[in-house]
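Observations on the model geometry
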Amino acid sequence: MVERTPFLNFFTHVILFVGFVLCIAPFVVVAIAASHNLRDVNDVPMSLLPGSDFWLNIKTAWTTADLGPKLLNSFIMAAGVAAGKVIISALTAFSIVYFRYPGRTLIFWLIFVTLMLPLEVRIVPTYAVVANVLSPYQAILDVTGLSWLIEKVSGVQVSLSLGLLNSYSGLIMPLIATATGTFLYRQFFLTVPDELTEAARMDGAGALRFFIDILLPLSRNNMAALGTIMFLWAWNQYLWPLLITTDQSHATAVTELKQLIPNVGGIPEWNIAMAGTLIVMLPPLIVVVLMQRWFVRGLIATEK
Amino acid sequence: MEKRVTFGSWTIGILFAVPQLLLIFTFFYWPAGQAVYWSLTLQQPWGGGNIWVGLDNFRSILANADYWNSITASLVFAGISAGLAMFVGLVLAALTDRQLTGSRFYRVVLIWPYGIAAPALAMAFRFILAPEAGFMAVVNQVWPGFWDPGLDGTDAMASIIIAFSWKYVGYNFIFFLAAFQAIPRSLIEAAAMDGSGVVRRFWDIQFPLITPTIFFLLVINITESFQDSFGIVDIMTSGGPANATNLMVYKIYSDGFKGLDYSGAAAQSIILMVLIVVLTIFQFRFIERRVHYR
């Protein structure tokens, strides 16, 4: 530091420590509550010494909410969204940065606008689209008169229908349809020196080869950052999976938490609820702790 | 900024953009257009298509006291939780930036809450703030009836604000810390040489230099409070008691999927979309220009 400030330093340590305690306390409370038996967890005040029923509660929560398959679903969804984002954003950014076709600015703005409206606010119509993902195309055919034409010519009535409710693609695809990653790549591609492109072209590399052999290996850091952020974001989705998984087989771990809210009547089983909460919060927490560097980097880069 | 060296082939270039364009057309532009269409029409009870009703859906929503209550609740929630999360994040970041022993440790730990799913932390806080067990029960023993989010609207609102702020303190902390660390050390040292103390340096140098970050985070926190609140509300209060925590996204969900009033829900979505777009444009156009020191 610039000068000696013993009083301020003391104050700094105190405040930061209080912040640390407030930040960590809910995790600790959840873990401790998950280790108590039914009577102890409802004690006022609850004992902060861990009880002995930890594994029993974890097991009960695991079977009550059927968490095994649900965690797998969560994992498939999160990995799918992360992979989809990493790949599709890279392709789009490459197209926007490295080509000069007419309508490029329009495409740029079309993608940019999607940053503004999160899935939550257009949830009702998106649900309708996922119920029949081809309905937009059917409507276009109907309006342009093409389906009438096809019916006249071939005698086949056009009715396109493909429902994605209760499917992994229905879970994943709408979550990929935003621009978050595209701009991360775009910023990075713009910093790649032009000389590199020139050299590659001189050596006879086409667009595809340049993209795969030069650009993608260079963007490894971006991919890790974007992948981490998107994995967490998708894992933590709640409203979307809640809506489109009417069937239990595709429900995710986060939506299953609702099953564990204690009933109003009787003694609330908070120990079970907290054990379930602990299981659901653990995977993203592990990702944050292990991938901290990428997480922070991705967080700052995707928003700016 | 543009590239000087590009590739010639138009077709390949457009092909690269096609997957993204298909996705955003199907899952973004079409639903957004659909929302506009639904908001201007009314679904017939016996099927047979929608009838055009113009702005009637908006009129009936805006005449509905429940809806205004929901807007008020959302704004109160957005204002207080953004203020709280940003203030705490700012203080913690400013103190961590002093780089005393242990600051690296805080830098690591304080981000953890942001990784947690909103419903999971809502569950944790539902227990911590429960009136009959957990920790507020202790307070209730001393002052009976002091705290009951199940019956008292203010208590319920306070609970969801606490849960949301807890998550977003870490988020704001990261951005504030990055902003503080981007300030050249030489500026601070020069000011110290001229005899200004820590507080003076904060208000006259650091604070003005991080105002862009403050405004940026303000917009993000408010828009996130509209979206990310859904899981918290659904787990902690289900919009109750007596609609005290019936925030806008939650109301859209319950009207659209539980009440099956697609037209009303669509009209509400449109209002929310406009609100968010205005906020975003405000951020890009107005704030970015007025507060720029680089």
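As the structure is a prediction and not an experimental result, all values here were calculated from the model.

Within chain B, the secondary structure is distributed over 12 helices and two strands. Starting at the N terminus, the α and β elements of chain B follow one another as α-β-β-α-α-α-α-α-α-α-α-α-α-α. A principal-axis box enclosing the C-alpha atoms of chain B has dimensions of 80 × 75 × 30 Å. The buried share of chain B, reckoned over its 294 residues, is 43%.

Here we take up the overall build of chain A. A count of helices and strands for chain A gives 17 helices and zero strands. Here chain A has a C-alpha radius of gyration of 25 Å; the compact-globule value for 304 residues is 19 Å, and the former is much larger. Counting only C-alpha atoms, chain A reaches 75 × 70 × 30 Å along its principal axes. Within chain A, buried positions represent 44% of all 304 residues. For chain A, contacts bridging at least 24 residues in sequence account for 76% of all contacts bridging at least 6.

Moving on: unusual backbone geometry. Trans peptide bonds make up the majority, and among non-glycine residues the majority have a negative phi. Residues and elements named next belong to chain B. For A242, which is not glycine, the phi dihedral falls at a positive 50°. With respect to the helices and strands, the residue A242 is situated in the loop between α10 (229–236) and α11 (248–258). The exposed category is assigned to A242, around which 12 C-beta atoms lie within 10 Å.

Attention now moves to the confidence of the model for chain B. All names here are of chain B. Chain-level pLDDT for chain B is 84 on average; 94% of the residues reach the 70-or-more range. Helix α3 (residues 65–96) holds the highest mean pLDDT among the elements of chain B, 92, whereas strand β2 (residues 50–52) holds the lowest, 76. Segment residues 290–294 is flagged for pLDDT under 50; beyond a separation of four residues in sequence, or across chains, it makes six contacts in the model. The ipTM for the predicted assembly is 0.84, set against a pTM of 0.87.

This part covers the interface of chain A and chain B. Across the contact, 87 residues belong to chain A and 85 residues belong to chain B. Per element, the largest residue contribution to the side of chain A that touches chain B is 14 residues, and it comes from helix α1 (residues 6–33) of chain A. Of the residues contributing to the side of chain A that touches chain B, the split by class is 64 nonpolar, 15 polar and eight charged.

Note on soluble globular proteins: their nonpolar side chains tend to be buried together. Counting residues in hydrophobic clusters, the biggest one holds 166 residues, and the most contacted among them are A:A234, B:A120, B:F127 and B:I160. Element by element, the count of residues in this core is highest for helix α7 (residues 153–181) of chain B, at 16 residues. Apart from the residues lying within four places of it in its own chain, the contact partners of B:F127 are A:A33, A:W270, A:A273, A:M274, B:A133 and B:G134.

Residues and elements named next belong to chain B. Its location among the elements puts V53 in the loop between β2 and α2 (56–62). With 15 C-beta atoms packed within 10 Å, V53 lands in the partly exposed category. Separated by 217 residues in the primary sequence, V53 and I270 place their C-alpha atoms 16 Å from one another.

Right, let's get into the environment of B:S70. All names here are of chain B. Following the sequence through the fold, S70 ends up in helix α3. The class of S70 is buried, set by 24 C-beta atoms lying within 10 Å. Expressed as a C-alpha distance, the spacing of S70 and N140, which sit 70 residues apart in the sequence, is 29 Å. Not counting the four nearest positions on each side in its chain, S70 is found in contact with N246, L247, M248 and K251.

Let us now look at the packing of α1(A) against helix α16 (residues 270–290) of chain A. Residues and elements named next belong to chain A. Where α1 contacts α16, the axes come no closer than 7 Å and their chain directions differ by 125°. One element, α1, and the other, α16, form an angle in the oblique class. Both α1 and α16 take part in a crossing whose hand is left-handed. Facing α1, whose interface residues are V30, A31 and A33, α16 presents W270, N271, M274, T277 and L278. Looking at side-chain class alone, the contact of α1 with α16 contains six nonpolar, two polar and no charged residues.

Further remarks concern the environment of A:M116. One can find A:M116 in the loop between α5 (104–113) and α6 (123–131). Among the residues examined, A:M116 registers 18 C-beta atoms within 10 Å and is labelled partly exposed. The spatial distance from the C-alpha of A:M116 to the C-alpha of A:P268 is 41 Å, given a sequence separation of 152 residues. Dropping the residues within four chain positions of it, A:M116 is found in contact with B:I276, B:V277 and B:T280.

Each value, and the rule that gives it
- Residues numbered from 1 in each chain as written.
- Chains lettered and ligands numbered in written order.
- Predicted model: local features only at pLDDT ≥ 70, side-chain atom pairs only at ≥ 80, totals over all residues.
- Helix = DSSP H or I, 4+ residues; strand = E, 2+ residues; numbered from the N terminus.
- Buried ≥ 20, exposed ≤ 12 C-beta atoms within 10 Å, placed from the backbone.
- Rg over C-alpha atoms; globule rule 2.2 N^0.38 Å.
- Contact = placed C-beta atoms within 7 Å.
- pLDDT = per-residue confidence, 0-100.
- Nonpolar A, V, L, I, M, F, W, Y, C, P; charged D, E, K, R; others polar.
- Core = buried A, V, L, I, M, F, W, Y, C linked by C-beta atoms within 7 Å.
- Axes fitted to C-alpha atoms, helices over the stretch in contact; angles between N-to-C directions.
- Parallel < 35°, antiparallel > 145°, perpendicular 65-115°, else oblique.
- Left-handed = near helix turned anticlockwise from the far one by under 90°.

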